[in-house]
Amino acid sequence: MKKNWAVSALAMSALVSCTTAGPRTGEILSASNAVVARQTAPTLAATRFAVVEADRNVAFTWRQYENTRAAFFKDPGPGRVTVESGDLLSISLVSVNEMGFVDFTTNSISPVSNISLPPQRVTEMGTINVPPIGRVRAQGRTVPSLESFLDDRLSEVLVDPSVVVEIAQRNGALVSVVGEVGSPGSYAYSSGDTRILDLINLAGGTSSDIPGLEVMVSRHGDTKRIALSELYNDDALNVHVRPRDVIAVVPRNNSVVVLGASGANEEVTFNSDTMPLANVLGRIGGIENRRADPKGIFIYRPTPRALAEMLGVDTREFPGDNILAVYRFDLTQPDAFFTVSEFEVRNGDLLYVANSRYEEVDAALDIFADAVLRPIQIATAFD
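This one's a predicted model, so the numbers in the text were calculated from it and none came from an experiment. (Residues numbered from 1 in each chain as written. Predicted model: local features only at pLDDT ≥ 70, side-chain atom pairs only at ≥ 80, totals over all residues. Heavy atoms only, no water.)

## Digging into the sheet that holds strand E14 (residues 267-270)
(1) Moving on: Taken together, the 6 strands give an open sheet; going across it, the order is E1-E17-E16-E19-E13-E14, and neighbouring strands pair in mixed fashion. One side of each edge strand has no neighbouring strand; the edge strands of this open sheet are strand E1 (50-53) and E14. Within the sheet, the average angular offset between the axes of one strand and its neighbour, ignoring direction, is 25 degrees.
(2) Moving on: Note that strand E13 (residues 254-260) and strand E19 (residues 350-355) share 4 bridges and pair parallel. Within the sheet, the bridge partner assigned to Val258 lies in E19 and is Leu351.
(3) Moving on: Seen against the sheet, helix H3 (residues 56-68) touches E1, strand E16 (292-304) and strand E17 (322-329) and runs at an angle of roughly 25 degrees to E16. (Pairing = 2+ DSSP bridges. Helix = DSSP H or I, 4+ residues; strand = E, 2+ residues; numbered from the N terminus. Axes fitted to C-alpha atoms, helices over the stretch in contact; angles between N-to-C directions. Contact = heavy atoms within 4.5 Å.)

## Focus: empty space enclosed by the protein
(1) Moving on: Scanning all chains against the criterion turns up 1 cavity of 30 Å³ or more.
(2) Moving on: Taken as a whole, the largest cavity holds about 40 Å³ of empty space.
(3) Moving on: Surrounding the largest cavity, Ala59, Trp62, Arg63, Arg301, Glu342, Phe343, Glu344 and Arg346 form its lining.
(4) Moving on: When contributions to the lining of the largest cavity are tallied by element, the ones reaching two or more residues are H3 and strand E18 (344-346).
(5) Moving on: Looking at the lining of the largest cavity element by element, the count peaks at 3 residues for H3.
(6) Moving on: Within the lining of the largest cavity, the residues separate by chemical class into 3 nonpolar, no polar and 5 charged. (1 Å grid on protein atoms, 1.4 Å probe; cavity = no way out; pocket = protein on both sides within 12 Å on 5 of 7 lines; lining within 4 Å. Points joined across faces, edges and corners; volume = space filled by probe spheres on them. Nonpolar A, V, L, I, M, F, W, Y, C, P; charged D, E, K, R; others polar.)

## Looking at H3
(1) Moving on: Here H3 is 13 residues long and its end C-alpha atoms lie 19 Å apart, about the 18 Å a rise of 1.5 Å per residue gives.
(2) Moving on: Along H3, the residues classified as buried are Val58, Ala59, Thr61, Trp62 and Tyr65. In an axial view of H3, the angular spread of the buried residues amounts to 160 degrees, which keeps them on one side of the axis. Structural note: H3 exposes Asn57, Asn67 and Thr68 on the side pointing more than 90 degrees away from its buried face.
(3) Moving on: Structurally, H3 contributes buried residues whose contacts are with E1, E16, helix H8 (305-310), E17, helix H9 (336-342) and E18. (Expected span 1.5 Å × (residues − 1). Buried < 20%, exposed > 50% of the residue type's maximum accessible area, 1.4 Å probe, protein only. Arc of directions from axis to C-beta.)

## Considering a nonpolar patch on the surface
(1) Moving on: A grouping of Phe49, Val51 and Leu324 is seen on the molecular surface, where their side chains present a nonpolar patch of about 280 Å² in accessible area.
(2) Moving on: Relative to the helices and strands, Leu324 resides in strand E17. (Patch = residues over 30% accessible without salt bridge, like charges linked within 9 Å, V, L, I, M, F, W, Y side chains within 5 Å. Areas by Shrake-Rupley, 256 points an atom, 1.4 Å probe, with all protein chains shown as cover. Salt bridge = Lys/Arg side-chain N within 4 Å of Asp/Glu carboxyl O.)

## Here's the deal with the pairing of strand E10 (residues 213-219)
(1) Moving on: Across the 7 residues of E10, 5 count as buried, placing the element largely inside the fold.
(2) Moving on: When E10 meets strand E12 (residues 246-251), the two strands line up antiparallel, connected through 6 bridges. Along E12, the bridge assignment pairs Leu213 with Pro251.
(3) Moving on: In the sheet, E10 pairs with strand E11 (residues 222-227) via 6 bridges, with the strands oriented antiparallel. Bridge pairing in E11 places Ser218 opposite Thr223.

## Some words on the pattern of salt bridges
(1) Moving on: For the coordinates displayed, the defined rule picks out 14 salt bridges.
(2) Moving on: The closest approach of N and O atoms between Arg225 and Glu214, which form a salt bridge, is 2.5 Å. A residue pair is termed long-range when its members are at least 10 positions apart, and Arg225 in strand E11 and Glu214 in strand E10 qualify at 11 residues.
(3) Moving on: With relative accessibility at 44%, the residue Arg225 sits in the partly exposed group.
(4) Moving on: You can call Glu214 buried: its relative accessible area is 3%.
(5) Moving on: Asp245 is the partner of Arg219 in a salt bridge, and the nearest nitrogen-oxygen pair spans 2.6 Å. Taken together, the residues Arg219 in strand E10 and Asp245 in the loop between helix H6 (228-233) and E12 connect sequence positions 26 residues apart. The burial state of Arg219 is the same as that of Asp245; both residues are buried.

## Description of the nonpolar core
(1) Moving on: Among the nonpolar cores identified, the biggest contains 36 residues, and Leu277, Val280, Ile299, Tyr327, Phe329, Phe343 and Leu351 are the most heavily contacted of them.
(2) Moving on: Ranked by size, the runner-up nonpolar core spans 24 residues in total, among them Val177, Val181, Leu237 and Val239. (Core = buried A, V, L, I, M, F, W, Y, C linked by side-chain atoms within 4.5 Å.)

## Points about the pairing of strand E9 (residues 185-188)
(1) Moving on: Of the strand pairs in this sheet, strand E8 (residues 174-179) and E9 are connected by 4 bridges, and their pairing is antiparallel. Residue pairing across strands places Val177 opposite Gly185, the latter belonging to E9.
(2) Moving on: Hairpin connection, E8 to E9: the antiparallel pair is bridged by 5 residues.

## Topic: the side chain of Asp245
(1) Moving on: Among the residues examined, Asp245 registers a relative accessible area of 2% and is labelled buried.
(2) Moving on: A distance of 2.8 Å separates a polar atom in the side chain of Asp245 from the backbone nitrogen of Arg242.
(3) Moving on: The residues contacting Asp245, other than those within four sequence positions of it, are Leu174, Val175, Ser176, Ser218 and Arg219. (Polar contact = N/O pair within 3.5 Å; in protein donor to acceptor, adjacent residues only side chain to side chain.)

## A look at the packing of aromatic side chains
(1) Moving on: Taken as a whole and judged by the stated rule, the model has 3 aromatic pairs.
(2) Moving on: Geometrically, the ring pair formed by Phe72 and Phe73 is edge-to-face, given 5.7 Å between the ring centres and 65 degrees between the ring planes. Both residues of the pair, Phe72 and Phe73, count as buried.
(3) Moving on: An angle of 50 degrees between the planes, with centres 5.7 Å apart, marks the rings of Tyr327 and Phe343 as tilted. Of the two residues, Tyr327 is situated in strand E17 and Phe343 in the loop between H9 and E18; the sequence distance between them amounts to 16 residues. We note that Tyr327, like Phe343, is buried.
(4) Moving on: Taken together, the ring pairs connect Tyr327, Phe329 and Phe343 into an aromatic cluster. (Phe/Tyr/Trp six-rings, centres within 6.5 Å; stacked < 30°, edge-to-face > 60°.)

Rendered as structure tokens:
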């Protein structure tokens, strides 16, 4: 019998050595040409995270929070179209005099004098040159207010002057439209009533299907995004634009990464805001019946502090505005499939399916059955 076990152990040792794919961890770390880095710079503290037992109430709380928070820019209302640095202005001086003005082009006398000044580009200092009064500030004024201002100043040297100002070329107050549009570029902010969809249409409309696109608006260093279809469905979201806004129309490639004991480890993409967890599990072929722990389905997701507190997390030990949270789903519970149908996966989530604690035992038994029992039978045949 001892002879049988000796042969079995030898066979198992040989099998393990034969099935090794590549070097073991210890071999890599102890190799003579391996230099292990020893970090000397300051290190980050261990990552703290909260574990949230996910149920239908958690899914409902997330939906309510998303529906009430300001997910997109509020409509600031119509804007003011003002003269900006770099704009090119066309200015005409009109004067009326009962005595008349000599028109040397026609050798006649006319009661109206109309003089067009050379095009005036607004300097970086925001000024233009208007003879005979010299340099005046134009930047920040609307066209009517600039005309009124010049009327008052020129009345000091001219008889009943009237000034007509037109913006011949917009170079300062521009709105950029980029991405999946027919004609990307910068467009003049010429009307305070202009909205996001007006600019997208001015840029030639979208170059791909609307359901798969989203709009990113960058304004004063803040960027927010929204599905393009929502702008068409809700006029309140189609907000007025402002000079120097950047509107990007981009494909909506949201995704969640799936790891662990699932049918497939991959990145699952979707072009909607969210996707039910049940749909993600369906796409990857579910979880592996034998290998996966049905009580160990986890979603890793940073969670706003206010929402974490609503979910019962004691946030006093967590710094920052976001709490690192792990949401656990127990598929052995009777209502678990209602929960995974209602809990919405979001862009950037990580879904991990834990291994069953019995998996390693099963694997060891498989090796024992394949590598030990058969050698025992062989050894017995030679006794």
